[in-house]
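Single-letter residue listing:
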Amino acid sequence: MYQKIMLPVDLNEEASWEKALPTALSLCHSFGASLHVVTVLPDYRMPLVGSYFPKDFAAKAHQAVTDAQHEFIREHVPEDITVQSVIVDGSPWEAIIKAAKQLEIDLIVMASHNKRKFVDYVLGPNAEHVVHHSKVSVMIVR
């Protein structure tokens, strides 16, 4: 049923993956699917934002996140699952949707987490946007 499963993670926020990861791994085992771990970086290259950072900041940030994501995968994803590390730039929900389309993802498994406002408690703004704008199935894990 599913061949490619995406798991968006915020490497600085355990709540973004602590419940969603076991679900994604179980689905990968059940369907023989590959796992695509996605981390979104803010787009530091935008002219307004980029002027505040050194010229090589975006490249260094990408390398640091790539290294951290590879470590995350080594620690948390069993070796019997085919996994791909994906780093994308932009707003979280837009980057997740774009990556899902480019990677031809069948299912997005993500956590609903946000501690900012009560109004966001039910789903979370990024998860809500992904659910509303995704062309593929989205599983929200609470």
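The structure under discussion appears in the preceding block.
Being a predicted model, the structure only gives us computed values, none of them experimental.

**Remarks on the overall build of the chain**
The secondary structure content of the chain amounts to five helices and five strands. Along the chain, from the amino end to the carboxyl end, the secondary structure elements read β-α-β-α-α-β-α-β-α-β. Looking at the chain as a whole, 38% of its 142 residues qualify as buried. Summarising the internal contacts of the chain: among those between residues at least 6 apart in sequence, 72% fall at separations of at least 24. Surface summary for the chain: the accessible area is close to 8600 Å², and the carbon and sulfur share equals 55%.

**Here we look at the sheet that holds strand β3 (residues 83-89)**
The strand order across the open sheet formed by five strands is β3-β2-β1-β4-β5, and the pairing between neighbours is parallel. Because the sheet does not close on itself, it has two edges, and the strands there are β3 and β5 (137-141). Shown here is a sheet whose adjacent strand axes are inclined to one another by a mean of 25 degrees, direction ignored. Relative to β3, strand β2 (residues 34-41) runs parallel, the two sharing seven bridges. Across the sheet, the residue bridging to H36 is Q84, located in β3. Its contacts with the sheet put helix α1 (residues 20-31) on β1 (4-8), β2, β4 (107-111) and β5, and the angle it makes with β4 is roughly 155 degrees. The strands touched by helix α4 (residues 92-103) are β1, β2, β3 and β4; relative to β1, the strand with the most contacts, the crossing angle is about 160 degrees.

**Regarding helix α3 (residues 57-76)**
For an α-helix the count is 3.6 residues per turn, leaving residues at separations of three or four pointing the same way. Relative to the 28 Å expected for 20 residues at 1.5 Å per residue, α3 spans 28 Å between its end C-alpha atoms, a close match to the ideal helical length. By the burial criterion, the buried members of α3 are A58, A61, V65, Q69, F72 and I73. Angularly, the buried residues of α3 cover 105 degrees about the axis, an arc narrow enough to put them on a single face. Turned more than 90 degrees off the buried face of α3, the exposed positions are A59, K60, R74 and E75.

**Describing the nonpolar core**
Ranked by size, the top nonpolar core spans 22 residues in total, and within it I5, L7, L35, F72 and V109 carry the most contacts. For this core, the secondary structure elements donating two or more residues are β1, α1, β2, α3 and β4. Top contributing element to this core by residue count: α1, with six residues. Apart from residues no more than four positions distant in its own chain, I5 is found in contact with A24, L27, C28, A33, S34, L35, H36, I105, L107 and V109. One finds A99, A100, I108 and V130 within the second-largest nonpolar core, a separate group that totals 15 residues.

**Quick look at the side chain of T39**
Relative to the assigned elements, T39 resides in strand β2. Within the local environment of T39, its side chain forms a polar contact with the backbone oxygen of V9, the two atoms lying 3.5 Å apart. Ignoring any residue separated from it by four or fewer positions in sequence, one finds T39 in contact with V9, L11, V65, Q69, V86, I87 and V88.

Criteria and thresholds
Residues numbered from 1 in each chain as written. Predicted model: local features only at pLDDT ≥ 70, side-chain atom pairs only at ≥ 80, totals over all residues. Heavy atoms only, no water. Helix = DSSP H or I, 4+ residues; strand = E, 2+ residues; numbered from the N terminus. Buried < 20%, exposed > 50% of the residue type's maximum accessible area, 1.4 Å probe, protein only. Contact = heavy atoms within 4.5 Å. Areas by Shrake-Rupley, 256 points an atom, 1.4 Å probe, with all protein chains shown as cover. Pairing = 2+ DSSP bridges. Axes fitted to C-alpha atoms, helices over the stretch in contact; angles between N-to-C directions. Expected span 1.5 Å × (residues − 1). Arc of directions from axis to C-beta. Core = buried A, V, L, I, M, F, W, Y, C linked by side-chain atoms within 4.5 Å. Polar contact = N/O pair within 3.5 Å; in protein donor to acceptor, adjacent residues only side chain to side chain.

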